[in-house]
Amino acid sequence: MVKKPQRPLTVDGSTHASNPGNLLVNYFYWIRSFPRKPIQLILPLAILVVLAFLTNWIFGFALFAVLREGKSLHLIPSALFGIAVFNIFFGIGIFWFLKKLIFLAIRIREHFFYGCVNPGVVVALKPPLIAVFTDLTTGKTPHYTIKILPQPLKWMKNGVPPVGTRLATVALYEGNLRKGYWDDFYPVVVDCVTGNQTDIQRVLQSIPDWEWEHLEVGLGYLRTTKPGLYTIPFVRCAFCHQLVFLPLYPMHKDKHTKLGADGQMTDHVTIHPERRYQGVLDVVPQAYIHPNCGGITRMPEEIIRSYLVNPFLYNEYTFCCECNNYIHQKELYWCETGQCLADYFQELQQDYIRQHGDRPPNPFV
Ligand SMILES: [Zn+2]
Ligand SMILES: [Zn+2]
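Residues numbered from 1 in each chain as written. Chains lettered and ligands numbered in written order. Predicted model: local features only at pLDDT ≥ 70, side-chain atom pairs only at ≥ 80, totals over all residues.

Engineer: Is there a simple way to explain the overall build of the protein in this structure?
Structural biologist: Scanning the protein from N- to C-terminus turns up eight helices and 13 strands. Put simply, the protein has 365 residues, and 25% of those count as buried. (Helix = DSSP H or I, 4+ residues; strand = E, 2+ residues; numbered from the N terminus. Buried ≥ 20, exposed ≤ 12 C-beta atoms within 10 Å, placed from the backbone.)

Quick look at the structure:
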């Protein structure tokens, strides 16, 4: 059982996180991930302590020698006074740095204990950047925001995770309560401050689905991985490419993904018409056969032009008009080339990574 701090010393006690982290910081992990501030305090503190020790040691040694020889005894009172003044200054210095260090340690502990849990996702690897979704509101109107920021993910258990990995973060908020929304928030990935996998999973599981969805559609709207704080009032629909007011998006999306009488989704995600593949499709296979049923299906052009730009846009199930169902690409073959669709898409994806060095930062780019 861990003792809860009685009241936060550094975090504003008048507001409460909707989903507090309740997370215990491992200070070793924290210093390893964010060494700048603690080292700025620990280093001068260590130097002062060593200097104080050395000065007193040298003085003690000299005093002992004087006493042993029995000469210049009249100098002792002024020497004692001198060393006392020295020690007062050292003491003040040590106390000042120590107080700052303790305050910092308390603040970090409270950040992860009282701060708010938000969903984060890796959006870039060099350097590691994450995007975090939150609602900055302090009133009733939502103020959806995404912050893109660097995080020291290299210290994670298995190194920097791939783009698209979901991570839990805990954030403190800054600003004037009466303004209606916070000015900024400071999320930190929980894996950077603890190695306790049970805690990490607990915090990750505490994030509701709608927040993950808002992060995903918010990133689709932003189409950037540049660090900054972005307001997300609307999202661009990945199906019809219209802007939709974010709180209404889940409802709007249902309209597109509803299965029709033939078992096919009403609409499919595509890339915005302006950014689709613009070349000729003469040499691109366009119809595929499902040998199990003998059915041949034509791939819609807007879908071909979308996956030629982003081969990670769709999952490995493709519709067969004869079966009226989504069939795994391993069971489908292009009529034009005889190649299995699964191999075809794997090649496209490998080409993409060879050219861009990584997967697209978010599924709709
Ligand atoms: Zn739409
Ligand atoms: Zn079929």
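Engineer: What exactly am I supposed to notice about the confidence of the model for the protein here?
Structural biologist: Parts of the prediction with low pLDDT should not have their coordinates interpreted in detail. With 94% of its residues at a pLDDT of 70 or more, the protein shows a mean pLDDT of 88. Within the protein, strand β13 (residues 333–334) carries the highest mean pLDDT (97), whereas strand β7 (residues 234–236) carries the lowest (71). When the criterion is pLDDT under 50, residues 1–7 qualifies, and its contacts beyond four places in sequence or with other chains add up to four contacts. (pLDDT = per-residue confidence, 0-100. Contact = placed C-beta atoms within 7 Å.)

Engineer: Where do I start with the sheet that holds strand β10 (residues 295–298) in this structure?
Structural biologist: Strands belonging to one sheet form pairs held by backbone hydrogen bonds; the direction of such a pair is parallel or antiparallel. The strand order across the open sheet built from three strands is β10-β9-β13, with neighbouring strands paired in antiparallel fashion. Only two strands of the sheet have a single partner each, and these edge strands are β10 and β13. Sheet analysis places strand β9 (residues 287–290) next to β13, joined by two bridges and oriented antiparallel. The partner of Ile-289 across the bridge, within β13, is Tyr-333. (Pairing = 2+ DSSP bridges.)

Engineer: Would you take a moment to explain the domain arrangement of the protein for this structure?
Structural biologist: When the parts of a complex come together, some accessible area is lost, and that lost area is often taken as the interface size. By domain assignment, the protein separates into domain 1 (27–113), domain 2 (115–236) and domain 3 (268–356). Measuring from the centre of the C-alpha atoms in domain 2 to the corresponding centre in domain 3 gives 33 Å. (Domains from an automatic or database assignment.)

Engineer: Whenever I open this one, the sheet that holds strand β1 (residues 116–125) confuses me. Can you help?
Structural biologist: Strand order in the open sheet formed by six strands is β5-β4-β1-β2-β3-β6, with antiparallel pairing between adjacent strands. Only two strands of the sheet have a single partner each, and these edge strands are β5 (184–189) and β6 (228–231). Each adjacent strand pair in this sheet contributes to an overall mean axis angle of 35 degrees, direction not counted. Pairing of β1 with strand β2 (residues 128–135) involves five bridges; the strand directions are antiparallel. By the bridge assignment, Val-122 is partnered in β2 with Ile-130. (Axes fitted to C-alpha atoms, helices over the stretch in contact; angles between N-to-C directions.)

Engineer: Looking at this structure, I do not really get the nonpolar core. What am I missing?
Structural biologist: Considering soluble globular proteins, one finds that nonpolar side chains tend to be buried as a cluster. Ile-130, Ala-131, Ile-146, Val-170 and Val-190 are the most contacted members of the largest nonpolar core, which totals 47 residues. If you list the elements that add at least two residues to this core, you get α3 (76–114), β1, β2, β3 (144–150), β4 (166–174), β5, α4 (197–205) and α5 (209–222). Here the element with the most residues in this core is β4; it accounts for six residues. Both domains that furnish three or more residues to this core are identified here as domain 1 (27–113) and domain 2 (115–236). (Core = buried A, V, L, I, M, F, W, Y, C linked by C-beta atoms within 7 Å.)

Engineer: What exactly am I supposed to notice about α4 here?
Structural biologist: Residues three or four positions apart in an α-helix share a direction because the helix packs 3.6 residues into each turn. Buried within α4 are the following residues: Asp-199, Ile-200 and Val-203. Down the axis of α4, the buried set is contained in an arc of 100 degrees. They therefore lie on one face. In α4, the exposed positions angled more than 90 degrees off the buried face are occupied by Gln-197, Thr-198, Gln-201 and Gln-205. The secondary structure elements touched by the buried residues of α4 are β1 and β4. (Arc of directions from axis to C-beta.)

Engineer: What is the right way to look at the environment of Val-188 in this model?
Structural biologist: Within the element layout of this structure, Val-188 appears in strand β5. With 26 C-beta atoms packed within 10 Å, Val-188 lands in the buried category. Along the backbone, Val-188 and Pro-152 are 36 residues apart, and their C-alpha atoms lie at a distance of 9.5 Å. In this structure Val-188 touches Thr-169, Val-170 and Val-193, once residues within four positions along its chain are discounted.

Engineer: Honestly, the packing of helix α2 (residues 36–69) against α3 in this entry has me stumped. Any pointers?
Structural biologist: A pair of packed helices is characterised by two quantities: the angle between their axes and the separation of those axes. Direction vectors running N to C along α2 and α3 enclose 160 degrees, while the axes themselves pass 9 Å from each other. Here α2 is positioned roughly antiparallel relative to α3, judged by the angle of their axes. Here α2 and α3 pass one another in a crossing that is left-handed. Here the residues of the contact of α2 with α3 are counted per class, giving 20 nonpolar, four polar and two charged. (Parallel < 35°, antiparallel > 145°, perpendicular 65-115°, else oblique. Left-handed = near helix turned anticlockwise from the far one by under 90°. Nonpolar A, V, L, I, M, F, W, Y, C, P; charged D, E, K, R; others polar.)

Engineer: Can you walk me through unusual backbone geometry in this structure?
Structural biologist: In most cases, non-glycine residues show a negative phi, while peptide bonds are predominantly trans. Here the residue pair Lys-126 and Pro-127 is connected by a cis peptide bond, since its omega of 0 degrees sits within 30 degrees of zero. Structurally, Pro-127 can be placed in the loop between β1 and β2. A positive phi is found at Asn-22, a non-glycine position, where the angle reads about 50 degrees. Tracing the backbone through its elements, the reader meets Asn-22 in the segment before α1 (27–33).

Engineer: Even after reading the chapter, I still don't get the pairing of strand β11 (residues 317–320), so can you show me in this structure?
Structural biologist: The side chains of a regular strand alternate, first on one face of the sheet and then on the other. In this structure, β11 lies alongside strand β12 (residues 325–328), joined through four bridges in antiparallel fashion. Residue Phe-319 lies in a different strand from β12, and its bridge partner there is Tyr-326.

Engineer: Sorry, what's going on with the environment of Glu-174 here?
Structural biologist: Along the chain, Glu-174 turns up in strand β4. Between the C-alpha atoms of Glu-174 and Tyr-249, which are 75 residues apart in sequence, the distance is 28 Å. If we skip the residues at most four places from it in the chain, Glu-174 touches Trp-182, Asp-183 and Asp-184.

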